[in-house]
Amino acid sequence: MKILFLTDNFPPEVNAPASRTFEHCREWVRAGHEVTVICTAPNFPKGELLAGYRNKPWQWETMDGIHVLRVWTYITANAGFAKRTLDYLSFMVSGFLAGLFVRRPDVIVGTSPQFFTNCAGWMLSVFRRRPFVFELRDLWPESIKTVGAMQDSSALRLMERLELFLYRKSAAVVAVTQSFKRDLIRRGINGQKIHVVTNGVDLSRFRPLKRDEALVVQLGLAAPSCPDSGSDAVSKDREPQGAGRSADSQDKPLFVAGYIGTHGMAHALETVLEAARLMQRHPEGSHIRFVLLGDGARKQTLQAKAAEMGLSNLVFVDSVPKPEGPRYWSLLDVSIIHLRKADNFTQVIPSKLFECMGMGIPVLHGVAGESAEIVEREGVGLVFEPENAQALWDGLQRLAQDRALYQQLRTHCLDAAPRYDRSALALRMLGVLEAVKRK
């Protein structure tokens, strides 16, 4: 089968959409299928081209057997609604034109969150007379209204009608959550053609690792009176750094809590900063440090706010190349997952949840809804109310002090991870594409 896949993001970009698309396409190639991906020159999220790439009308490369066609787009940082919309529209046009010249596919897939990519996919399906599959990773434009990037208006309602049109015209919809499926059925989309393939984890990359000593020193995460605090090997018996010590112990090693991902409007990371301020005021938090790794529209504002708050227990780190990611995950005793407190986000399952499982890192989960249900069902972390800094602080204290609880959550992470193996999930989505082709 020949699969044509349209996506804004693709490696070497390191965000969740790029990872999901690459790992799925890689498995489809391994299963014997021919896969072509049309995408942009890598520039997310800063709007700056990555080394070795140019914003040319047409450039081919091959990655793990995947044929990758990068097309020209209007490049801008992941900030500002008008400029981002121009970016999306330019890819819709360039991606559509490029797709006309790709060897005739059997099925065409477009992926969200923004649906202009799926506009190109649908138009190609009409011109090439091939079925179109809509991969639904976010309810857009509802999500942009949720974060306040756009107010309710006639333009927004027009986009919502276009969204529904694309769902109806697709041969199948592949949603990443059950909540998305329920939402589409409520809005009149035929549930028989909606399939759920959740996000997952590449277990060949995300697995228990020793804490990276070089990064511990580089980021100032080694406790001065405990120079070998980061040297313990990560295994099922790993203890949280500092568990079981008294609050006033002078040789207490640092307990590292981290957020890894986009620093955007949807993530409300001011909550993490406020929790850091609470810790800085109490002796119980003297051995806890925060690492915030990633980029996004809010990063500079967050850095300025942290400086204004005088936070000395928090380190910002820029995005790192994809192969480097697990090294930074290895620094964490606990991972913070957080989104704004909004009804729309109760339908989201952040993909980093599964990466935490693979690494054996318990989570503090500040996202209500379906993803919180997974955390509680699998027993891989503690759930706290979104945008509640005190609740986040309480959870961190509990995990830092309760060794038995920490070990239990860590064991559950490693036990649960194989149930979300990306390879198996990719083959599940492949089954949907094969059924669409046959039909």
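Look up a bit, the structure's there.
Residues numbered from 1 in each chain as written. Predicted model: local features only at pLDDT ≥ 70, side-chain atom pairs only at ≥ 80, totals over all residues. Heavy atoms only, no water.

**Digging into the overall build of the protein**
- Across its full length, the protein carries 15 helices and 14 strands.
- For the protein, with 439 residues in total, the buried portion stands at 58%.
- Contacts in the protein between residues far apart in sequence, at least 24 positions, make up 72% of those at least 6 positions apart.
- On the protein, roughly 17,700 Å² of surface is accessible, and the fraction owed to carbon and sulfur atoms is 51%. (Helix = DSSP H or I, 4+ residues; strand = E, 2+ residues; numbered from the N terminus. Buried < 20%, exposed > 50% of the residue type's maximum accessible area, 1.4 Å probe, protein only. Contact = heavy atoms within 4.5 Å. Areas by Shrake-Rupley, 256 points an atom, 1.4 Å probe, with all protein chains shown as cover.)

**Regarding the sheet that holds strand 2 (residues 34-40)**
- Taking strand neighbours across the sheet as the criterion, the eight strands line up as 3-4-2-1-5-6-7-8 in an open arrangement whose pairing is mixed. Taken across any chain shown, the strands that pair with only one partner, and hence form the sheet edges, are strand 3 (58-63) and strand 8 (194-196). The average angle at which neighbouring strand axes cross in this sheet is 20°, direction not considered.
- Summarising the sheet, strand 5 (residues 107-111) and strand 6 (residues 132-136) pair through four bridges and their orientation is parallel. Each residue of the ladder has a partner; that of G110, found in strand 6, is F134. (Pairing = 2+ DSSP bridges. Axes fitted to C-alpha atoms, helices over the stretch in contact; angles between N-to-C directions.)

**Description of the sheet that holds strand 13 (residues 363-366)**
- Taken together, the six strands give an open sheet; going across it, the order is 11-10-9-12-13-14, and neighbouring strands pair in parallel fashion. Looking at strand neighbours, the two that pair on one side only are strand 11 (314-317) and strand 14 (381-383), the edges of this open sheet. Taking each pair of neighbouring strands and ignoring which way they run, the sheet shows an average axis angle of 20°.
- By the bridge criterion, two bridges tie strand 9 (residues 255-260) to strand 12 (residues 334-338) in an arrangement that is parallel. Paired with G258 across the bridge in strand 12 is S335.

**Overview of the packing of helix 13 (residues 389-401) against helix 14 (residues 403-416)**
- Taken N-terminus to C-terminus, the directions of helix 13 and helix 14 make an angle of 95°; their axes are 5 Å apart at the nearest point. One way to sum up the angle between helix 13 and helix 14 is to call them roughly perpendicular. Along its contact with helix 13, which presents R398, L399 and Q401, the element helix 14 presents R403, L405, Y406 and L409.
- Here the contact of helix 13 with helix 14 is built from residues that sort into four nonpolar, one polar and two charged. (Parallel < 35°, antiparallel > 145°, perpendicular 65-115°, else oblique. Nonpolar A, V, L, I, M, F, W, Y, C, P; charged D, E, K, R; others polar.)

**Side note on the pattern of salt bridges**
- Scanning the entire structure with this criterion turns up 21 salt bridges.
- In this structure, the salt-bridge partner of R186 is D183, at a minimum N-O distance of 2.9 Å. Of this pair, R186 and D183 both sit in helix 6 (residues 178-186), separated by three residues, roughly a single helical turn.
- By relative accessible area, which is 62% here, R186 ends up exposed.
- Among the ionic pairs, E274 bridges to R277, the shortest N-O distance being 2.8 Å. (Salt bridge = Lys/Arg side-chain N within 4 Å of Asp/Glu carboxyl O.)

**Focus: the environment of G191**
- You can see G191 is positioned in the loop between helix 6 and strand 8.
- For the pair G191 and A172, spaced 19 residues apart in the sequence, the C-alpha separation amounts to 9.7 Å.

**Here we look at the packing of aromatic side chains**
- Scanning all chains against the criterion turns up eleven aromatic pairs.
- Seen from their ring centres, F354 and Y420 are 4.8 Å apart, and the 35° between their planes marks the pair as tilted. Taken together, the residues span a long stretch of sequence, with F354 in helix 11 (residues 352-359) and Y420 in the loop between helix 14 and helix 15 (422-438) at a distance of 66 residues. Of the two residues, F354 and Y420, both sit in the buried class.
- Among the aromatic residues, ring-to-ring pairing joins W58, W60 and F101 into one connected group. (Phe/Tyr/Trp six-rings, centres within 6.5 Å; stacked < 30°, edge-to-face > 60°.)

**Details of helix 5 (residues 154-169)**
- The end-to-end C-alpha distance of helix 5 is 23 Å, a good match for the 22 Å that 16 residues give at a rise of 1.5 Å each.
- Taken together, the buried positions of helix 5 are L156, M159, E163, L164, L166 and Y167. Buried residues of helix 5, viewed axially, fall in a sector of 160°; they line one side. In helix 5, the exposed residues that point more than 90 degrees away from the buried face are S154, L158 and R161. (Expected span 1.5 Å × (residues − 1). Arc of directions from axis to C-beta.)

**As for the nonpolar core**
- If you look at the biggest cluster of nonpolar residues, it comprises 71 residues, and the most contacted ones within it are I38, L136, Y167, L353 and M357.
- If we ignore the near neighbours within four places in the chain, the residues touching I38 are L4, F5, L6, T7, L69, V71, F91, G95, A98, G99 and V102.
- V272, L273, A275 and A400 belong to the second-largest nonpolar core, a separate cluster that totals 32 residues. (Core = buried A, V, L, I, M, F, W, Y, C linked by side-chain atoms within 4.5 Å.)

**Some remarks on a nonpolar patch on the surface**
- Taken together, the side chains of W58, W60, V93, L97, L100, F101, V126 and F127 present a nonpolar region at the surface, about 850 Å² in accessible area.
- Going through the elements one at a time, strand 3, helix 2 (81-99) and helix 3 (116-128) are the ones with two or more residues in the nonpolar patch.
- Note on placement: V93 falls in helix 2.
- Note on V93: relative accessible area 44%, which makes it partly exposed. (Patch = residues over 30% accessible without salt bridge, like charges linked within 9 Å, V, L, I, M, F, W, Y side chains within 5 Å.)

Treat this as a map of the structure, not an account of what it does.
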